Amino acid sequence: MKSFFIGNIEIKLPIIQGGMGVGISLSGLAAAVANEGGIGVISCAGLGLLYPKFPGNYFDKCICGLKEEIRKAREKTGGIIGVNIMVALSNYADMVRTSIAEKFDVIFSGAGLPLDLPAYLTPGCQTKLVPIVSSGRAARIICTKWLTNYNYLPDAIVVEGPKAGGHLGFKKEQINDDNYSLEKLIQDVMAVTETYREQKQIPVIAAGGITTGRDISRFIKLGVAGVQMGSIFVTTEECDASPKFKDVYINAVEEDMLIIESPVGMPGRAINGEFIQRVNNGTEKPKNCPFHCIKTCDYTKSPYCIIKALYNAARGNMKKGYAFAGLNAHLSEKIRSVKEVIASLKAEFPVEN
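Conventions and cut-offs
Residues numbered from 1 in each chain as written. Predicted model: local features only at pLDDT ≥ 70, side-chain atom pairs only at ≥ 80, totals over all residues. Heavy atoms only, no water. Helix = DSSP H or I, 4+ residues; strand = E, 2+ residues; numbered from the N terminus. Buried < 20%, exposed > 50% of the residue type's maximum accessible area, 1.4 Å probe, protein only. Salt bridge = Lys/Arg side-chain N within 4 Å of Asp/Glu carboxyl O. Pairing = 2+ DSSP bridges. Right-handed = clockwise from strand over helix to strand, strands pointing away.

### Describing unusual backbone geometry
No. 1: Of note, the bond from Gly21 into Val22 is cis; its omega dihedral lies within 30 degrees of zero at 5°.
No. 2: With a phi angle near 55°, Ala111 is a residue other than glycine that sits in the positive phi range.
No. 3: Tracing the sequence through the fold places Ala111 in the loop between strand E6 (106-109) and strand E7 (128-133).
No. 4: Here Ala111 falls in the partly exposed class, since its relative accessible area comes to 26%.

Shown next, in the form of structure tokens:
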């Protein structure tokens, strides 16, 4: 596996660990992946719930929690640490400003188009900006807006296909349509980045359903610089989630992988369980909204509170929550260390003759 560059940062292992919230990918997992030469990513979603003793309201706690997570990560690694910030978050701007102030190496931003992300850069800032898109059209819109308004182009672009876990940037009917396969989306996005080649080299990173070293090799042969992988790192010793959450992955079978409707207003892929079944029966209606964490969420119309559900699951209370997961998450068989996972991926990566 060859290294690649995001701006002036060399990524020695072409693997980005996906940002998984709430409380799944924090400093523990991120530092472990960074120590192997990849990019470890902290998800900032719901951090205020994870740090209830910090002062202030929920949004204040989110800021303090993000600062605490980067501090913990830096104690464990000198490697590259990124942060995942969903555009849909109500505190999106606060999380971006905090990430830049705390000198995160990379900001990954999706679940919406981060059209104003370069506006938050400060003089001398070295943080790289990487949007997550699900189409060539989205990549073109971002590049055009950024260049026109900020004279800035993305430092890389993550292309997330319909086999990913969590929230998906597709309509339900597109998820199993070959016209929206990751392979095709990559070509569409690379056609966009090619038009800016003389101004900036924009590496493309493939994401969604990538599970093995052979998968990594196949996508690199299509022209991407690296891959983003999330589910494979959930069943690791260093993953910040509860052991009960990890067990859901290990015990899952292919038939358990479902597409659900999220209160965020997007379809999502998750593992079937008791909570999802109650949601389908209409018995999980939220009574109020104490956090207002998502811009597009109206609790009076939502089938459940997503941040509470994800937080409960991360803490092991699967009766009150569920696990987002990629299409191939059911292939996990046991808990391994991040080092073992990376070693396995390298062993599966074909050696060119």
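Next comes the rest of the write-up.
### Observations concerning the pattern of salt bridges
No. 1: With the rule as written, the count across this model stands at 12 salt bridges.
No. 2: The salt bridge involving Lys200 is made with Asp155; its shortest N-O contact spans 2.9 Å. Here Asp155 lies in the loop between helix H5 (136-150) and strand E8 (157-160) and Lys200 lies in the loop between helix H6 (182-194) and strand E10 (204-207), a separation of 45 residues in the sequence.

### A look at the pairing of E7
No. 1: With respect to burial, E7 is a largely interior element, six of its six residues being buried.
No. 2: Alternating residues of E7 divide into Lys128, Val130 and Ile132 and Leu129, Pro131 and Val133, and every residue in both groups is buried.
No. 3: Sheet topology places E6 next to E7; four bridges connect them, and they run parallel. Note on E7: the bridge partner recorded for Ile107 is Leu129.
No. 4: Bridge count for E7 against E8 is two bridges, and the pairing is parallel. Looking at the pairing, Val133 lines up with Val159 of E8.
No. 5: One crossover worth recording links E7 to the parallel E8 by way of H5, and it is right-handed.

These results come straight from atomic positions and should not be treated as a statement about function.
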